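Now for the letters of each chain:
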Amino acid sequence: MKTEFSLTQLADPDIAEADKILRACVHCGFCTATCPTYVLLGDELDSPRGRIYLIKEMLEKDQAPTAEVVKHVDRCLSCLACMTTCPSGVNYMHLVDQARVRIEERYERPLAERLLRAVLAFVLPDPQRFRISMSLARLARPFAALLPTPRPSATPGLTQRIKAMLALAPGQLPAPGPAAGSVFAALGKRRGRVALLQGCAQQVLAPRINQAAINLLTRHGIEVVLVRDEQCCGALTHHLGRDDDAVARARANVAAWRREAAKDGLDAILVTTSGCGTVIKDYGYLLREDRDFASDAANVSALAKDITEYVAGLALQPTTRHDDIVVAYHSACSLQHGQKITALPKELLSKNGFVVKDIPESHLCCGSAGTYNILQPDLAGRLRDRKIANIASVKPDMIAAGNIGCMVQIASGTSVPVVHTIELLDWATGGSRPALN
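For the structure given in this document, a descriptive report is provided here. Note that the structure is predicted; figures quoted are calculated from it, not measured.

Rules used in this analysis
- Residues numbered from 1 in each chain as written.
- Predicted model: local features only at pLDDT ≥ 70, side-chain atom pairs only at ≥ 80, totals over all residues.
- Heavy atoms only, no water.
- Helix = DSSP H or I, 4+ residues; strand = E, 2+ residues; numbered from the N terminus.
- Rg over C-alpha atoms; globule rule 2.2 N^0.38 Å.
- Buried < 20%, exposed > 50% of the residue type's maximum accessible area, 1.4 Å probe, protein only.
- Contact = heavy atoms within 4.5 Å.
- Areas by Shrake-Rupley, 256 points an atom, 1.4 Å probe, with all protein chains shown as cover.
- 1 Å grid on protein atoms, 1.4 Å probe; cavity = no way out; pocket = protein on both sides within 12 Å on 5 of 7 lines; lining within 4 Å.
- Points joined across faces, edges and corners; volume = space filled by probe spheres on them.
- Nonpolar A, V, L, I, M, F, W, Y, C, P; charged D, E, K, R; others polar.
- Core = buried A, V, L, I, M, F, W, Y, C linked by side-chain atoms within 4.5 Å.
- Pairing = 2+ DSSP bridges.
- Right-handed = clockwise from strand over helix to strand, strands pointing away.
- Phe/Tyr/Trp six-rings, centres within 6.5 Å; stacked < 30°, edge-to-face > 60°.
- Lys NZ or Arg CZ within 6 Å of the ring centre and 35° of its normal.
- Axes fitted to C-alpha atoms, helices over the stretch in contact; angles between N-to-C directions.
- Parallel < 35°, antiparallel > 145°, perpendicular 65-115°, else oblique.

**Observations concerning the overall build of the protein chain**
At step 1: Across its full length, the protein chain carries 24 helices and nine strands.
At step 2: Over its C-alpha trace the protein chain gives a radius of gyration of 21 Å, about what one expects of a compact globule, namely 22 Å for 437 residues.
At step 3: Projected onto the principal axes, the alpha-carbon positions of the protein chain cover approximately 60 × 55 × 40 Å.
At step 4: Looking at the protein chain residue by residue over its 437 residues, the buried ones come to 53%.
At step 5: The contacts in the protein chain between residues at least 6 apart in sequence include a share of 75% that link residues at least 24 apart.
At step 6: Accessible surface, the protein chain as shown: approximately 18500 Å² in total, 54% of it carbon and sulfur.

Pasting the structure below:
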């Protein structure tokens, strides 16, 4: 794709990166076939190719985003299916991230939407605030039916988004998991030492996931540390276009992990929420222009691994087989498209005694996508229903996924138990049966 940035514009490292990305695009349109919003809406501007044209014009002309640009960029899930499909290697992720930052900086949203986004950015990355908000949402949920029915609109209104938030709130919250700073010793001879990302939403909604990871790892000779001073990875605010917040969190985490590695050593930084993992693996890019953090951020990105990547090297030995349990494996977008981890989780489940079934249209997003199921509830609901129908077609006993957002989204529309991949692997290798939704 031909670009027309001035030399002055290209002096900006972000614009120079955007220019490189845009020039890689050859207009082929392969991305449209796997883009969830294009599949649903059939609008070229709701495809990666269409959004690329909109973003290109906005950046080249250095203009404030228009309402039309904002509408179509907001509808993007950042599922990155287009990057898996693209034969030219277009890094759509970094381009749309730039667009979100430009929108946040230069576009004035309606007051109600600004307030909602501010609340999400304030509450979701903080486990204590999130726990309080979930308790309040649980109390408010019975009154959701009293809210007025919103009029059909291209852009969801505040009432519709509040209803979506209340619908996602769990009936009850589990007790908090282990505190930051905890260290779990390896059982038997120590084979390695890892940091386990504590997460923000996950540690409130499902601390059992990290507990299963800790149980499995320590049984296999791995010491696990929950690093003190660790923060939210920054993914939530990053995808809201609040780059200053996301970068500050990335710096804080890099510093915390650097201290832990210098003190007692770290073989890996393990992540059980794939949405977080995709962003942490991109810290090297996020902080590439930061002289104080660029090198350490690149090291952190190299150390970061999805939990399945790491346990694949532990030679797991199943203690019991579950050949009668059919597991539908949902491949989270952040795992299959963001991190290119596709077959490995299924192979681990299969080798450890489960009957694993692929889900039709497995490349399509479930509609969770961070805060997307709150900010775009109509599209998110349609994608969830489509995903659940595809899951039902394989008649599973359980659904496995590697991302808490997907788990909550899918569980909101089915009675089939939804569990994390690591919970099943822990069960197969001597742990307890996963708690079921």
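So, next bit.
**Notes on empty space enclosed by the protein**
At step 1: In total, this model carries three cavities of 30 Å³ or more according to the counting rule given.
At step 2: Here the largest cavity defines a volume of roughly 120 Å³.
At step 3: It is helix H4 (residues 48-60) that provides the largest number of residues to the lining of the largest cavity, a total of three residues.
At step 4: Residues belonging to the lining of the largest cavity are distributed by class as follows: 10 nonpolar, three polar and one charged.
At step 5: In this structure, the second largest cavity occupies an estimated 70 Å³ of space.
At step 6: Cys35, Pro36, Cys76, Cys79 and Cys82 are, among the 14 residues lining the second largest cavity, the residues nearest its centre.
At step 7: Looking at the lining of the second largest cavity, the elements that each hand over two or more residues are helix H3 (36-41), H4 and helix H6 (81-85).
At step 8: Of the residues in the lining of the second largest cavity, the class split is 10 nonpolar, three polar and one charged.

**Considering the nonpolar core**
At step 1: By size, the foremost hydrophobic cluster in this structure holds 50 residues, and its most contacted members are Leu217, Val311, Ile422 and Leu424.
At step 2: When neighbours within four sequence positions are excluded, leucine 424 is seen to be in contact with Val327, Leu349, Phe354, Met398, Ala400, Val419 and Pro434.

**Some thoughts on the pairing of strand E8 (residues 398-401)**
Working note: regular strand, side chains alternate between the two faces of the sheet.
At step 1: Across the two faces of E8 the burial is the same, with Met398 and Ala400 and Ile399 and Ala401 all buried.
At step 2: Bridging between strand E6 (residues 322-329) and E8 involves three bridges; their strand directions are parallel. Considered in E8, the bridge of valine 327 is made with methionine 398.
At step 3: Alignment of E8 against strand E9 (residues 418-420), held across three bridges, turns out to be parallel. Bridge assignment links alanine 400 to a residue of E9, and that residue is valine 419.
At step 4: What joins E8 to E9 is helix H23 (residues 404-411), and the crossover it makes is right-handed.

**Regarding the packing of aromatic side chains**
At step 1: Taken as a whole and assessed by the stated rule, the structure comprises two aromatic pairs.
At step 2: Against the face of tyrosine 285 rests arginine 288, its NZ or CZ located 3.9 Å from the ring centre.

**Side note on the sheet that holds strand E5 (residues 304-306)**
At step 1: Taken together, five strands build an open sheet; the order of strands is E1-E3-E2-E4-E5 and the sheet is mixed. Edge positions in the sheet fall to strand E1 (183-184) and E5, since each of these pairs with one other strand and no more.
At step 2: Inspection of the sheet shows strand E4 (residues 268-271) paired to E5 by three bridges, in the parallel sense. Bridge pairing links valine 271 to aspartate 306 in E5.
At step 3: Set on the sheet, helix H17 (residues 294-303) makes contact with E4 and E5; between it and E5 the angle comes to about 25 degrees.

**Focus on the packing of helix H14 (residues 243-264) against H17**
At step 1: Running from N to C, H14 and H17 cross one another at 75 degrees; their axes reach a closest spacing of 10 Å. On the basis of the axis angle, H14 is roughly perpendicular to H17. Where H14 abuts H17, its residues Val254, Trp257 and Arg258 lie against Asp296, Ala297 and Val300.
At step 2: Classifying every residue of the contact of H14 with H17 by side-chain character gives four nonpolar, no polar and two charged.

Everything listed here is a matter of coordinates, which is why it stays silent on function.
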